[in-house]
Amino acid sequence: MTTATYRIGVLGGDGIGPEVTREGLKVLEAVAGGGDFKYELVDYPYSGEHYLKTKELVPDSVIDEWRSLDAVLLGAIGHPDVEPGLVERSVILGLRFSLDLYINLRPIKLYSSHLCPLKDKGPNDIDFVVVRENTEGMYSQIGGHLKKGTPDEIALVNGVYTWKGCERASRYAFELARQRAAARGEGQRKPQVTLVDKANAIRPHDLWRRAFAQVAEDYPEVATDHAYVDACCMWMIKNPDWFDVIVTTNLFGDIITDLGAMLQGGMGIAASGNIHPGQTSMFEPIHGSAPKYAGQNVACPLGAISAVGMMLDFLGEEEAAARVDSAVANLLASGAIPSADARSGISTSDMGDMVTAKIGED
Ligand code: IPM
Ligand code: MG
């Protein structure tokens, strides 16, 4: 049997990005040690820092090169001295849009009750996944300014929703709900998908309703549910155990997953996959570049490490992915990490070593 060799693009990016990515790669090296798969890394410099030095954003030729990779691992993008969003649009949204990474998969899983700000909640209460549509909605970049800088200025942005976009995101969510229920096994909780929108105030969200309902017909065993996004925020705090899989728009998915990250223990722990099934996909922690913690070896690398786990799962290395997930889960359940943030008292590199040691134990 030949061993697969994956080509993985690495964009450490700005701020704490390179530091947390380094720990993710440390864990990747540890799981690959078993010899089940090989990989080679291709480094890319694009970041706010790089832009300040060179004025260079991501060139089209590099986007084409990315298409030939198996996956991309990203740390964080964003620099305080660069116009807000300029580099983020080039790198993060550039990857999402040009590679048509139409799913942003964001698991919200509590590993240990001491990490959760809600009282009396444990791992059984918080274990759901947000499927965020990743190429449309308010992120369409269609819009602009008229009479800029005058008292008559008009700023317009178009929320774009397509049948195709709503349909494929919904289908992904139903498939995922089916898989999660199969993994839970007989006699456990039944699969459920909740559509989160704002179709009462934003009538075009009705397209989401119709696409979702049509897809649901193909999954009779999956229960369906609906929540307006404001109510969803309320339920996430009041009854997070209600959710199994949520599917939602780009902007709402962005917002509710920061809330979800706090349920898990903080921005430092949450991971995501920007996915086009069967094509090059990108994996990243959901946090930003946190400039105030940059270069101090204090950022929590668990989100970046779990992003590596999600990448392995996507590549079909399910066993390696499960080893990463259990290493993080066991470490957190042991209580050795007081908090999943920059104030844990454990350095970024030590935390990476602790996860790697857990991998060595299994
Ligand atoms: C995220 C981030 C990005 C987004 C920013 C950096 C453009 O907040 O991945 O959640 O809004 O999608
Ligand atoms: Mg966000």
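Numbering of residues starts from 1 in each chain and follows the order in which that chain's sequence is written. To read the labels, note that chains go from A and ligands from 1, taken in the order they are written. Local features in this predicted model are restricted to residues of pLDDT 70 or higher, and side-chain atom pairs are both shown and tallied only at a pLDDT of 80 or more, whereas totals for entire chains, interfaces and linings draw on every residue. Side-chain measures were taken over the full set of non-hydrogen atoms in the model, leaving aside hydrogen atoms and water.

For ligand 1, the full set of nearby residues is Glu88, Ile92, Arg96, Arg106, Arg132, Tyr139 and Asp254. Tyr139 places a side-chain nitrogen or oxygen 2.6 Å from an oxygen atom of ligand 1. Exposure was quantified through the Shrake-Rupley algorithm and a 1.4 Å probe, taking into account, for residues, occlusion by the shown protein chains and nothing else. For ligand 1, the accessible surface in isolation is 320 Å², of which the surrounding protein chains cover 75%. The secondary structure listing takes helices from DSSP runs of H or I that are at least 4 residues long and strands from runs of E that are at least 2 residues long, numbered from the N terminus. Considering each element in turn, the shell around ligand 1 owes the most residues, three residues, to helix H4 (residues 86–98). Looking at side-chain class alone, the shell around ligand 1 contains two nonpolar, no polar and five charged residues. As annotated, the domain borders come from an automatic or database domain assignment. When residues of the shell around ligand 1 are sorted by domain, at least three fall in each of domain 1 (1–110 + 266–362) and domain 2 (117–264). To be near a molecule or strand, a residue needs just one of its heavy atoms within 4 Å of it. Nitrogen and oxygen atoms within 3.5 Å of one another constitute a polar contact, given that in protein one can donate a hydrogen and the other can accept it, and given that sequence-neighbouring residues count only through two side-chain atoms. Under the scheme applied here, ten amino acids are nonpolar (Ala, Val, Leu, Ile, Met, Phe, Trp, Tyr, Cys and Pro), four are charged (Asp, Glu, Lys and Arg), and all others, including Gly, are polar.

Glancing now at helix H8 (residues 250–264). What a helix is expected to span follows from its residue count: subtract one and scale by 1.5 Å. Here H8 is 15 residues long and its end C-alpha atoms lie 21 Å apart, about the 21 Å a rise of 1.5 Å per residue gives. We call a residue buried when its accessible area falls under 20% of the maximum for its residue type, exposed when it is over 50%, and partly exposed in between, using a 1.4 Å probe and counting protein chains only. Of all the positions in H8, only Asn250, Phe252, Gly253, Ile256, Thr257, Gly260, Ala261, Leu263 and Gln264 are classed as buried. Contacts are assigned to residue pairs with any non-hydrogen atoms lying within 4.5 Å of each other. Where H8 is buried, its residues meet strand E4 (103–109), strand E5 (127–133), strand E8 (192–197), helix H7 (229–238) and strand E10 (245–248). Just past H8, the residue Gly265 takes up positive phi, approximately 130 degrees.

The next point concerns the nonpolar core. Buried Ala, Val, Leu, Ile, Met, Phe, Trp, Tyr and Cys residues that are joined via side-chain atoms within 4.5 Å together make up what is termed a nonpolar core. Ranked by internal contacts, the top residues of the largest apolar core, which has 82 residues, are Leu105, Phe128, Val131, Val193, Val247, Leu302 and Leu312. For this core, the element with the most residues is helix H10 (residues 318–333), which contributes eight residues. Residues from two domains meet in this core; each of domain 1 (1–110 + 266–362) and domain 2 (117–264) gives at least three. What Val193 contacts, discounting residues up to four positions off in sequence, is Ala173, Phe174, Ala177, Phe212, Val222, Ala223, Thr224, Asp225, Val245 and Val247.

The next subject is the sheet that holds strand E3 (residues 71–76). For two strands to count as paired, DSSP must find a minimum of two bridges between them. What the ten strands build is an open sheet, ordered E2-E1-E3-E12-E11-E4-E5-E10-E8-E9; its pairing is mixed. This sheet does not close on itself; its edge strands, each paired only once, are strand E2 (37–43) and strand E9 (223–228). This sheet shows a mean twist of 25 degrees between the axes of neighbouring strands, independent of strand direction. Bridging between E8 and E9 involves six bridges; their strand directions are parallel. Axis angles are defined between N-to-C directions and span 0 to 180 degrees, where every axis is a line fitted to C-alpha atoms and, for a helix, only to the segment in contact.

Below, the discussion takes up the pattern of salt bridges. By definition here, a salt bridge exists when the distance from a side-chain nitrogen of Lys or Arg to a carboxyl oxygen of Asp or Glu is within 4 Å. Within the structure shown, the criterion is met by 20 salt bridges. Of the charged contacts in the structure, one is a salt bridge between Glu23 and Lys26, with a shortest N-O distance of 2.6 Å. With a gap of three residues between them, Glu23 and Lys26 both fall in helix H1 (residues 17–32), about one helical turn apart. When its relative accessible area of 24% is taken as the criterion, Lys26 is described as partly exposed. Here Lys26 ties to Asp353 by a salt bridge, and the two come within 2.8 Å at their closest N and O atoms. Of this pair, Lys26 sits in helix H1 while Asp353 sits in helix H11 (residues 348–361), and the two are 327 residues apart along the sequence. A network of salt bridges, in which partner residues are shared, links Asp127, Arg180, Arg184 and Asp244.

A few words on the pairing of strand E12 (residues 281–285). Counting buried positions along E12 yields five of five residues, so the element is predominantly enclosed. Burial of E12 is two-sided: the residues Ser281, Phe283 and Pro285 facing one way and the residues Met282 and Glu284 facing the other way are all buried. Two elements, E3 and E12, share three bridges in a ladder whose sense is parallel. Of the residues in E12, the one forming a bridge with Val72 is Met282. Of the pairings in the sheet, the one linking strand E11 (residues 271–275) to E12 comprises four bridges and is antiparallel in character. Among the inter-strand pairings, Gly273 is bridged to a residue of E12, identified as Phe283.

When its domains are assigned, the protein resolves into domain 1 (1–110 + 266–362) and domain 2 (117–264). Using only C-alpha atoms to locate each centre, domain 1 and domain 2 end up separated by 23 Å. Between domain 1 and domain 2, the residue contacts involve 24 residues of the former and 29 residues of the latter. The term buried area refers to how much accessible surface (probe radius 1.4 Å) is lost by two components on association, counted for both of them together. When domain 1 packs against domain 2, close to 2400 Å² is buried across both sides, 59% of that on carbon and sulfur atoms. Interface area lost by domain 1 to domain 2 is led by Tyr102, Ile108 and Leu110, which between them contribute 33%. Our enumeration of links across domain 1 and domain 2 arrives at one salt bridge. Linking domain 1 to domain 2 there are eleven residue pairs in polar contact (both at pLDDT 80 or more). Secondary-structure elements contributing two or more residues to the side of domain 1 that touches domain 2 are H4, E4 and E11. For the side of domain 1 that touches domain 2, the element with the most residues is E4, which contributes seven residues. Broken down by class, the residue content of the side of domain 1 that touches domain 2 amounts to 15 nonpolar, four polar and five charged.

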